[in-house]
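# Topology and contacts: notes
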Amino acid sequence: MAKITMRQAITDALREEMKRDENVFIMGEEVGVWGGTYAVTRGFHEEFGEKRVRDTPIAEMVIGGAAAGAAMNGLRPVAEFMTINFAFLAFDAIVNHAAKVHYMFGGNIKCPVVFRAPGGGGRQLGATHSHTPDVIFAHFPGLKVVSPGSPADAKGLLKSAIRSDDPVLFIEHATLYQLRGEVPDDHDFLVPIGVSDVKREGSDVTIVAYAQGLSVAMDAAEQLAKEGIEAEVVDLRTLRPLDMGPVLDSFKKTFKAVVVEEGYRSYGIGAEIAARIQEEGFDYMDAPIKRVAQLEVPLPYSADLEQAALINAPRVIEAVKEIV
Amino acid sequence: MDKTILMDWYRQMVLIRRFEQRSAELYQQGKIGGFLHLYIGQEAVAVGSIAAKAEGDHVITAYRDHGHALAVGSDTKFVMAEMLGKATGVSKGKGGSMHLVDVDRHFWGGYAIVGGHLPLAAGIALAEQYKETSNAVLCYFGDGSTNIGYFHEALNLASVWNLPVVWIAENNQYGMGTSIERASAVSELITKASAYGMEGQRVNGMNVMEVYDSSKKALDRARSGLGPQFIEMITYRYEGHSMGDPLRYRSKDEVEKWREDDPIGVLERHLLQVLELDKDSLEAIDRKVEKEIDEAVIFAEESPLPAIEELFTDIYVEA
């Protein structure tokens with residue numbers, strides 16, 4: 001086991017899967033000669049050649065649709081959207097084509113495509129380049145939506161996504177690329193899609209989080225521990241299909257929950273988790289479910305203003321203290 | 001052109017027309033739901049171009065897809081069963097009229113979002129190029145979809161990557177009720193293809209023999225590595241865009257004028273006058289087709305509806 005960054009973990013997953021299966025290839029804006037806008041595919045163009053590492057025009061509609069079509073006809077494309085903000089342009093290709101063909105054609109067509117997309121706020125990129133729209137994509141049956149919060153999960157989940165026969169949207173929070181963690185070297189190390197994971201045990205409150213929210217939640221949990229409050233942190237890892245098992249198991253132990261997400265609070269992940277808890281764990285509820293999420297504003301450029309709108313450990317701690 | 005081949009094209013075109021006429025009746029009886037887009041008037045385009053394809057070539061089209069399904073040779077019974085939403089339908093009753101499919105015959109389906117399948121066609125062609133086969137893709141779309149972003153992105157990518165796609169614009173003069181002159185900056189669609197470095201052919205889409213020749217030429221060029229090809233088939237739909245179209249946007253005279261060039265009539269005249277076929281042989285084909293349609297309707301009507309459990313199958317390959 002080596003301690004590597006999430007960027008390296010994603011790079012390793014891509015390289016290993018490309019070596020394992022020659023039908024796996026990469027396409028997207030600046031993935032080749034440039035080496036990837038976030039340097040995830042640096043060196044791939046030289047290593048695998050132009051056929052398997054394909055630079056595309058800046059044209060998200062056809063990146064989404066052509067990747068889906070290639071997948072339907074037997075390949076395993078990993079299509080990269082430079083950022084998830086640009087995937088809005090490919091929304092129809094993703095949710096109305098990739099996510100529909102299997103069901104709509106009675107199981108006759110498979111679409112084993114992976115869409116990778118970095119996203120998230122906190123980098124002073126302004127309102128249009130800072131979205132965390134994960135929940136919008138997770139709304140649709142037919143698509144699997146994954147967003148890892150640790151390097152090991154990033155590697156294991158991306159490998160599972162590439163091997164999956166279903167379309168997967170793989171969302172990488174751009175501020176996590178430098179996050180370091182232990183990652184197994186095993187080339188068949190897989191993390192199953194659709195399985196939530198307890199990242200920290202505790203008995204006083206359940207904090208449900210994922211992606212960058214997981215880092216915030218873990219930070220808050222460590223600070224709370226110093227004050228004698230032991231939080232259990234459950235990492236969703238996959239938003240669809242959603243695995244409520246570990247969340248409910250934890251809640252039945254702590255009777256209280258805080259949901260942390262970087263996206264907006266309205267109609268968000270927290271709303272869904274809170275609804276599920278009251279539907280499936282009503283008898284265990286000791287307090288209202290709290291939600292910590294992005295404030296309802298377009299993200300501004302100026303650093304302090306932007307940070308004020310985003311989630312952070314103090315806001316999680318405050319929410320926990322309101323119910324514990 | 002060989003007489004037997006032309007007679008088979010005649011059979012296919014009559015089959016499509018009778019299928020569409022019967023579908024319209026079934027729609028009016030409430031047995032077909034949703035939208036129903038009839039291919040009447042355009043039969044020569046699907047029949048002539050699909051006749052030019054090699055076995056491994058692919059077909060993908062928009063929502064006016066019944067003609068393409070029948071032309072690739074899908075069983076009329078299973079296609080009709082899909083129209084009626086039955087478990088025996090080509091998409092198990094989950095797709096309906098706009099989403100027919102037959103992957104065994106390399107027919108990737110009808111797609112109901114205007115332009116949405118053009119990138120899929122590019123991707124299907126990319127997979128063939130990647131696997132180093134000589135298969136090409138026939139991708140059909142209406143004139144209306146040449147104004148949407150998907151069209152431009154897909155044609156551009158296909159040229160940049162030299163993909164073996166034959167883009168077939170079925171120019172039936174109207175995108176729903178808006179004429180091409182009112183919707184497109186240029187009314188000759190091959191002009192748009194030239195912007196992406198493609199040579200285009202502008203073809204009389206009411207003449208199945210001309211459709212075949214142009215398609216064959218384009219497919220040969222695409223499969224030999226000359227990159228994507230573009231054909232504008234000039235054609236016309238006699239019926240409305242969908243059922244319940246008020247047809248306020250065109251005159252009856254206009255429709256009647258196009259009927260003089262009816263694709264079935266054009267081929268019939270060729271068979272009778274040029275090849276001196278006797279009328280009885282064509283009537284025998286007509287009767288055979290009527291029987292096939294009758295049997296398909298009976299099969300579809302007697303087929304079971306999908307079981308309610310089917311609601312939750314095929315959402316994912318892996319649960």
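Residues numbered from 1 in each chain as written. Chains lettered and ligands numbered in written order. Predicted model: local features only at pLDDT ≥ 70, side-chain atom pairs only at ≥ 80, totals over all residues.

### So, the domain arrangement of chain A
Residue and element names in this part refer to chain A. If you check the domain split of chain A, you get domain 1 (2-183) and domain 2 (197-323). The centre of domain 1, based on its C-alpha atoms, is set 26 Å off from the matching centre of domain 2. Among the secondary structure elements, those contributing two or more residues to the side of domain 1 that touches domain 2 are α7 (134-138), β6 (144-146) and α8 (151-163). For the side of domain 1 that touches domain 2, a count of residues per class yields eleven nonpolar, eleven polar and three charged. (Domains from an automatic or database assignment. Helix = DSSP H or I, 4+ residues; strand = E, 2+ residues; numbered from the N terminus. Nonpolar A, V, L, I, M, F, W, Y, C, P; charged D, E, K, R; others polar.)

### Considering the interface of chain A and chain B
Contact with chain A, which involves 35 residues of that partner, is made by 33 residues of chain B. Of all elements in the fold, only α3 (60-72), α5 (91-98) and α6 (101-104) of chain A reach the threshold of two or more residues within the side of chain A that touches chain B. (Contact = placed C-beta atoms within 7 Å.)

### Structural notes on the environment of B:Glu260
Along the polypeptide, B:Glu260 turns up in the loop between α10 (252-259) and α11 (263-274). The spatial distance from the C-alpha of B:Glu260 to the C-alpha of B:Asp65 is 24 Å, given a sequence separation of 195 residues.

### A look at the sheet that holds strand β7 (residues 200-204) of chain B
Residue and element names in this part refer to chain B. What the six strands build is an open sheet, ordered β2-β1-β3-β4-β8-β7; its pairing is parallel. Lying at the two open borders of the sheet, with one neighbouring strand each, are β2 (107-110) and β7. The average angle at which neighbouring strand axes cross in this sheet is 15°, direction not considered. As defined by bridge partners, strand β1 (residues 58-61) adjoins β2 across two bridges and the pair is classed as parallel. Within the sheet, the bridge partner assigned to Thr61 lies in β2 and is Gly110. Sheet strands touched by helix α5 (residues 117-130): β1, β2, β3 (137-142) and β4 (165-171). Its angle to β3, the strand with the most contacts, is close to 175°. (Pairing = 2+ DSSP bridges. Axes fitted to C-alpha atoms, helices over the stretch in contact; angles between N-to-C directions.)

### Let's talk about the nonpolar core
Of all hydrophobic cores here, the largest spans 199 residues; its most connected members are A:Ile207, B:Ala122 and B:Val165. Shared between two domains, this core takes at least three residues from each, and those domains are domain 1 (2-183) and domain 2 (197-323) of chain A. Those residues in contact with B:Val165 that lie beyond four places of it in its chain are B:Ala121, B:Ala122, B:Ala125, B:Ala136, B:Val137, B:Cys139, B:Ala158, B:Ala222 and B:Pro228. (Core = buried A, V, L, I, M, F, W, Y, C linked by C-beta atoms within 7 Å. Buried ≥ 20, exposed ≤ 12 C-beta atoms within 10 Å, placed from the backbone.)

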